[in-house]
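# A structural walkthrough
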Amino acid sequence: MAGNVLSRGELFPEELIEGLFSKVTGKSSLAKLSGQIPIAFNGNEFFTFTMDDEVNIVGENEVKPAGKISIAPRTYRPLKMEYGARVSDEFLYGSEEVGINILKAFAEGYAKKLAKGLDLAALHGINPRTGTKSTIIGSNNFADQVTQTVEFNMAEPDDNIQTAVDLIQGSEREVNGLILAPAFASALANYKVNGISQFPEFRWGRVPEATNGLRVDVNSTVSANQAKERAIIGDFANLFKWGYAKQIPMEVIPYGDPDQSGQDLKAHNQVYIRCETYIGWALMDPESFARIVEAGGEG
């Protein structure tokens with residue numbers, strides 16, 4: 001009975017999907033600092049409006065001239081992320097409770113990998129598995145689109161952040177979020193003026209929810225894969241969009257060679273567990289962000 005339940009592909013119940021993505025938002029800095037929105041399987045199209053003029057005061061019977069406006073479309077389509085692994089088929093013959101617990105544990109592990117994958121793909125444009133640039137992602141990532149950069153100075157992290165804020169706010173844009181690599185968080189923790197720690201909330205590896213009014217997160221994904229980024233700052237709340245399409249299928253595959261390893265599952269007393277997610281994102285306005293990078297990392 002339990003084997004019959006676990007040996008066919010199943011979609012997660014809704015409560016498991018919600019639980020899985022609550023774990024993703026707890027592990028992905030981008031998901032934590034920005035709002036998740038529904039995404040259509042065929043993609044979403046958003047428009048950003050730029051109004052160059054100010055409002056106009058007109059008197060009675062006076063002409064109301066048009067203001068200048070520009071419209072820039074942003075389209076983002078979901079791409080598939082997946083994780084699969086072979087396991088012994090013995091769990092199929094245990095109790096249903098044991099089998100479900102194993103699948104839940106797999107789902108929790110997948111949530112962590114998916115969260116890390118979202119950050120690696122959207123921040124750097126890389127395939128998380130290979131660590132190399134993905135042609136599927138193309139330029140839809142911070143490293144390729146965000147051209148405003150500040151050179152990282154470990155001795156002056158406060159000034160680094162302020163310089164980045166000035167770049168963004170100089171064009172009347174908003175700053176509400178900050179993602180730090182561990183090296184930058186350490187620089188803040190050790191930053192002192194007259195012997196007094198200026199950012200004690202970062203001492204001993206702590207990660208505050210906010211600092212100086214900015215929502216903040218610390219994540220090794222910022223500088224992963226030898227990336228030069230040490231911090232990314234900007235309007236995450238309004239101008240970075242992400243979401244997922246469809247339900248999240250978890251399959252327990254009992255036959256065949258789904259990972260193309262050359263080994264038949266049944267012949268080796270194995271089953272294959274696989275999760276797949278269609279996930280998409282878009283930077284609505286790259287000028288609303290800045291990257292703090294190591295010397296030589298402006299590209």
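Residues numbered from 1 in each chain as written. Predicted model: local features only at pLDDT ≥ 70, side-chain atom pairs only at ≥ 80, totals over all residues. Heavy atoms only, no water.

### Focus: the environment of L118
Mapped onto the elements, L118 comes out in helix α4 (residues 96–124). Exposure remark for L118: the relative accessible area of 0% places this residue in the buried category. Sequence spacing of L118 and K27 is 91 residues, and the spatial spacing of their C-alpha atoms is 9.9 Å. Not counting the four nearest positions on each side in its chain, L118 is found in contact with S28, L30, A31, M81, L123, W242, I279 and W281. (Helix = DSSP H or I, 4+ residues; strand = E, 2+ residues; numbered from the N terminus. Buried < 20%, exposed > 50% of the residue type's maximum accessible area, 1.4 Å probe, protein only. Contact = heavy atoms within 4.5 Å.)

### What to know about the sheet that holds strand β15 (residues 289–293)
The strand order across the open sheet formed by 6 strands is β5-β15-β11-β6-β10-β9, and the pairing between neighbours is mixed. Two strands lie at the open edges of the sheet, namely β5 (149–151) and β9 (210–211), each paired on one side alone. Where helix α7 (residues 182–190) meets the sheet, it contacts β6 (177–180), β10 (214–218), β11 (229–234) and β15, and its direction lies at approximately 105° from that of β6. (Pairing = 2+ DSSP bridges. Axes fitted to C-alpha atoms, helices over the stretch in contact; angles between N-to-C directions.)

### Quick notes on the pattern of salt bridges
With the rule as written, the count across this model stands at 11 salt bridges. D257 is the salt-bridge partner of R86, the closest N and O atoms lying 3.0 Å from each other. Note that R86 is positioned in strand β4 (residues 79–88) and D257 in the loop between β13 (249–253) and β14 (270–283), a separation of 171 residues in sequence. Under the relative-accessibility criterion, D257 is labelled partly exposed at 23%. Here R291 and E229 are joined by a salt bridge, their closest N and O atoms 2.7 Å apart. One end of the pair, R291, is in strand β15; the other, E229, is in strand β11, with 62 residues separating them in the sequence. We classify R291 as buried; its relative accessible area is 1%. Several salt bridges converge on common partners, so that one network encompasses K80, E251, R274 and E276. (Salt bridge = Lys/Arg side-chain N within 4 Å of Asp/Glu carboxyl O.)

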